[in-house]
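# Topology and contacts: notes
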There are 2 protein chains.
Amino acid sequence: MGANPPAALDDSTESTVRIPADHPGVTDLFAVLAYGEISAFYRLAEEAKLSPSLRGKVSVAAMAAAEMGHFETLNRALADRGVEVFDAMAPFVRALDAYHNSTDPSTWLESMVKFYVGDGLAADFYTVLASALAPEVGAVVRDVLAETDHSQFVVEEVRRAVATSRSERDRLTLWGRRLLGEAITQAQWVMAQRDELTELVLVATGDLNGVAALFEHMQTSHAERMRVLGLG
Amino acid sequence: MGANPPAALDDSTESTVRIPADHPGVTDLFAVLAYGEISAFYRLAEEAKLSPSLRGKVSVAAMAAAEMGHFETLNRALADRGVEVFDAMAPFVRALDAYHNSTDPSTWLESMVKFYVGDGLAADFYTVLASALAPEVGAVVRDVLAETDHSQFVVEEVRRAVATSRSERDRLTLWGRRLLGEAITQAQWVMAQRDELTELVLVATGDLNGVAALFEHMQTSHAERMRVLGLG
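The name given to chain A in an unreviewed UniProt entry is Ferritin-like domain-containing protein, with the source organism recorded as Nocardia macrotermitis.

Structure (structure tokens):
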């Protein structure tokens, strides 16, 4: 990454539409986001079992329900393009399932960190793409990535736990690093599988250097999120 | 049950408010409904694993998300009464968990039948109560019981399966009977535990004969629902 970040990473410049609404990668983008919502829903519901309290379970159920609201938005956006959501999602099932299987939390706190960190990484990645998309397409992406107030619940739970336990803090710091690595591995796998999506990412970020800059940007934001959680 | 059903079961009469908004049983009513939504959410998310298709999993996730929307309505209604939802739900955790534990589906079709039949029984029970409540309280109850179009998905799945398999039909018919029995057992347990709720049910239905009539009404509606599913 040189002294000049790609336009997509530079908040000070006006975003310019470089990807028309009918770019074939847009369908892939909506589809990978849609399956992301479904897999996040089921993971959250599963991981809520680790919650020590009913309050925690209810918070997680509310997060999971919000994912389904996003799924409906993407389902409609795909239908508007004449695309059937289940067909469109199929190519992404393996990569997203692999991410979740390789980052299966063993404690409630690991689950909370994963939710916060995973959501943040996804937002970093897709927000950069959104800035290069036709406005009506970018709006769908931004809509489903919008941060909810559930994040605050996670931050408080984790900060409280690590403030009093050095070993918990060290453990969760390593966990956060692993989440970052797995997320980037799977993002690269997805792009490599789908030419249309690769092309979309290349156009959005400028070129291969732009893609590298995007992943560097994700690492910087990740470090900042870990600090917010009281980790790293 | 005599020739004249209690007013609450007679659709032709105007409903009359017999239970004021500040009746102490109203808090219990909102609370048992609220925990019902939470436990239904987690059961659906768990049972979705039994789905043979991604389409089924997504349908169940949407049903589960709808339960959380209802929970939020009840949470707000309790907050408006100055009641903390977690404290209020605590007395009902055991009975609802017991219902779910005693009716743990072992197949996808059992899970679908349970969803449809359980939702229907709850609607029968609470709709009768709603008709005797102050309008603003009754509106909350009716709102969270409103049938969604998800039921149609269930009806189609079950009808298709039992049309071609006599043994599946027999098995699910027995399953439906068991669900009815367990639901009534737990409803009676809940009422017996909570004086305020018992009183509310007695006032809503008229008297002990009215309560018996209500349970008879639930059995009749249950038989009709089983027929809709192609069972019994």
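Having seen the structure, we can now continue with the description.
Here the focus is the relation of the copies chain B and chain A. Between chain B and chain A, which share one sequence, the superposing operator has a rotation angle of 180° and an axial displacement of 0.0 Å; the RMSD is 0.0 Å. Put plainly, the chains are arranged around a two-fold axis. Among all residues of chain B, the one whose C-alpha sits closest to the rotation axis is A65(B), at a distance of 2.2 Å. Take the interface residues of chain B: 100% of them recur as interface residues in chain A, which is what a same-surface contact looks like.

It is worth spelling out the interface of chain B and chain A at this point. In this assembly, 23 residues from chain B lie in contact with 23 residues from chain A. Of the roughly 1800 Å² buried between chain B and chain A, counting both surfaces, carbon and sulfur atoms make up 78%. Between chain B and chain A we count four salt bridges in total. Measuring nitrogen to oxygen at the nearest pair gives 3.3 Å for the salt bridge that ties R55(A) to E84(B). The tally of links between chain B and chain A comes to eight residue pairs in polar contact (both at pLDDT 80 or more). When residues of the side of chain B that touches chain A are traced back to their parent elements, those giving at least two are α1 (25-47), α2 (54-80) and α3 (85-89) of chain B. Top contributing element to the side of chain B that touches chain A by residue count: α2(B), with 11 residues. For the side of chain B that touches chain A, a count of residues per class yields 18 nonpolar, no polar and five charged.

What follows concerns the nonpolar core. Core analysis: the largest hydrophobic core is formed by 162 residues, its most contacted members being V158(A) and V158(B). Residues in contact with V158(A), not counting those within four places in the same chain, are L109(A), M112(A), V113(A), L172(A), L229(A) and L231(A).

This paragraph deals with the packing of helix α1 (residues 24-47) of chain A against helix α2 (residues 54-80) of chain A. Residues and elements named next belong to chain A. With their axes 8 Å apart at the nearest point, α1 and α2 run at an angle of 160° to one another. Classified by the angle their axes make, α1 and α2 are roughly antiparallel. Two packed elements cross with a definite hand, and for α1 against α2 that hand is left-handed. Taking contact as the criterion, the partners of T27, F30, A31, L33, A34, E37, I38, A40, F41 and L44 in α1 are, on α2, V60, M63, A64, A65, E67, M68, H70, F71, L74, A77 and L78. Here the residues of the contact of α1 with α2 are counted per class, giving 17 nonpolar, two polar and two charged.

We now examine the environment of V203(A). Structurally, V203(A) can be placed in helix α9 (residues 195-205). On the accessibility criterion, V203(A) (26% relative accessible area) is partly exposed.

Examined against the element boundaries, T27(B) turns out to sit in helix α1. Sequence-distant contacts of T27(B), defined by excluding residues within four places in its chain, comprise L78(B), R81(B) and V83(B).

As a further point, take the pattern of salt bridges. All chains considered together, the criterion is met by 24 salt bridges over all chains. Taking the shortest distance from any N to any O, the salt bridge between R225(A) and D124(A) comes out at 2.8 Å. One end of the pair, R225(A), is in helix α10 (residues 208-228); the other, D124(A), is in helix α5 (residues 108-130), and 101 residues separate them in sequence. Side by side, R225(A) and D124(A) carry an identical accessibility label, which is buried. One salt bridge connects D28(B) with R194(B), and the closest N-O pair in it is separated by 2.9 Å. Of the two residues, D28(B) is situated in helix α1 and R194(B) in the loop between α8 (166-193) and α9 (195-205); the sequence distance between them amounts to 166 residues. One salt-bridge network, in which partners are shared between bridges, spans E46(A), K49(A), E46(B) and K49(B).

All names here are of chain A. With 21 residues, α10 should cover 30 Å at 1.5 Å per step; its first-to-last C-alpha distance of 31 Å lies within 8% of that length. Looking at α10, one finds that the buried residues are G210, V211, A213, L214, F215, M218, S221, H222, R225 and M226. Elements in contact with the buried residues of α10: α5, α8 (166-193) and α9. The distance from a side-chain oxygen at the start of α10 to the backbone nitrogen of N209 is 3.0 Å, and the residue carrying that oxygen is D207.

Residues lying three or four places apart along an α-helix face the same way, a consequence of the helix completing one turn every 3.6 residues. All names here are of chain A. Buried within helix α6 (residues 135-145) are the following residues: V137, G138, V140, V141, V144 and L145. Along the long axis of α6, the arc covered by the buried residues comes to 155°, so they all point the same way. Exposed and oriented more than 90 degrees from the buried face of α6 are P135 and E136. Turning to α6, the residues buried within the fold contact α1, α2 and α5.

Next up on the list: the packing of aromatic side chains. Residues and elements named next belong to chain A. A complete count under the given rule lists seven aromatic pairs over all chains for this structure. Between F41 and Y42 the ring centres are 4.8 Å apart and the planes differ by 80°, which places this aromatic pair in the edge-to-face class. Given the relative accessible area of 0%, F41 is considered buried. Among the residues examined, Y42 registers a relative accessible area of 13% and is labelled buried. A ring pair is formed by F125 and Y126, whose centres lie 5.0 Å apart and whose planes are at 80°; its orientation type is edge-to-face.

Here the focus is the side chain of E168(B). Examined against the element boundaries, E168(B) turns out to sit in helix α8. With residues up to four places along the chain from it excluded, the contact list for E168(B) reads L109(B) and V162(B).

This part takes up the packing of helix α4 (residues 93-102) of chain B against α8(B). Residue and element names in this part refer to chain B. Their axes nearest at 9 Å, the elements α4 and α8 cross at an angle of 165°. Comparing the axis directions of α4 and α8 gives the class roughly antiparallel. In the crossing of α4 with α8, the sense of the turn from one axis to the other is right-handed. Where α4 approaches α8, its residues R94, A95, A98, Y99 and S102 are matched on the opposing element by R178, L179, E182, A183, Q186, W189 and V190. Residue classes in the contact of α4 with α8 are distributed as seven nonpolar, two polar and three charged.

Calculation rules
Within each chain, residue numbers correspond to sequence positions counted from 1 in written order. The naming scheme follows written order: chains are lettered A onward, ligands numbered 1 onward. Only residues with pLDDT of at least 70 are given local features in this predicted model, and only at 80 or more are side-chain atom pairs given and counted; all residues enter the totals for whole chains, interfaces and linings. Processing note: side-chain calculations cover all non-hydrogen atoms of the structure and skip hydrogens and water entirely. Residues below a pLDDT of 70 in either copy are left out; the C-alpha atoms of the rest, at least 70 in both, set the least-squares superposition of the copies. In this analysis, two residues are considered to be in contact whenever any of their non-hydrogen atoms come within 4.5 Å of each other. Take the accessible area each of two parts loses on contact, using a 1.4 Å probe, and add the two losses: that sum is the buried area. We define a salt bridge as a contact between a side-chain nitrogen of Lys or Arg and a carboxyl oxygen of Asp or Glu at a distance within 4 Å. Polar contact criterion, stated in full: a pair of N or O atoms within 3.5 Å, where within protein one must be able to donate a hydrogen and the other to accept it, and residues adjacent in sequence count only if both atoms are side-chain atoms. Secondary structure elements are taken from DSSP: a helix is a run of H or I of four residues or more, a strand is a run of E of two residues or more, and numbering for both begins at the N terminus. Classification used: nonpolar for Ala, Val, Leu, Ile, Met, Phe, Trp, Tyr, Cys and Pro, charged for Asp, Glu, Lys and Arg, polar for all others including Gly. Here the nonpolar core consists of buried residues drawn from Ala, Val, Leu, Ile, Met, Phe, Trp, Tyr and Cys, with membership extended through side-chain atoms lying within 4.5 Å. Relative accessible area decides the class of each residue, using a 1.4 Å probe on protein chains only: under 20% of the type maximum gives buried, over 50% gives exposed, and in between gives partly exposed. Each axis is a line fitted through C-alpha atoms, taken for helices only over the stretch in contact, and angles between the N-to-C directions span 0 to 180 degrees. Orientation is classified from the angle alone, with under 35 degrees giving roughly parallel, over 145 giving roughly antiparallel, 65 to 115 giving roughly perpendicular, and any other angle giving oblique. For any pair of crossing helices, the crossing counts as left-handed if the nearer helix is rotated counterclockwise from the farther one by less than a right angle, and right-handed if it is rotated clockwise. Any helix carries an expected span of 1.5 Å times its number of residues minus one. What the arc covers is the set of directions going from the helix axis to the C-beta atoms. Pairs were defined over the aromatic rings of Phe, Tyr and Trp, the Trp ring being its six-membered one, requiring ring centres within 6.5 Å. Orientation was assigned from the angle between planes: stacked under 30 degrees, edge-to-face over 60, tilted for the rest.

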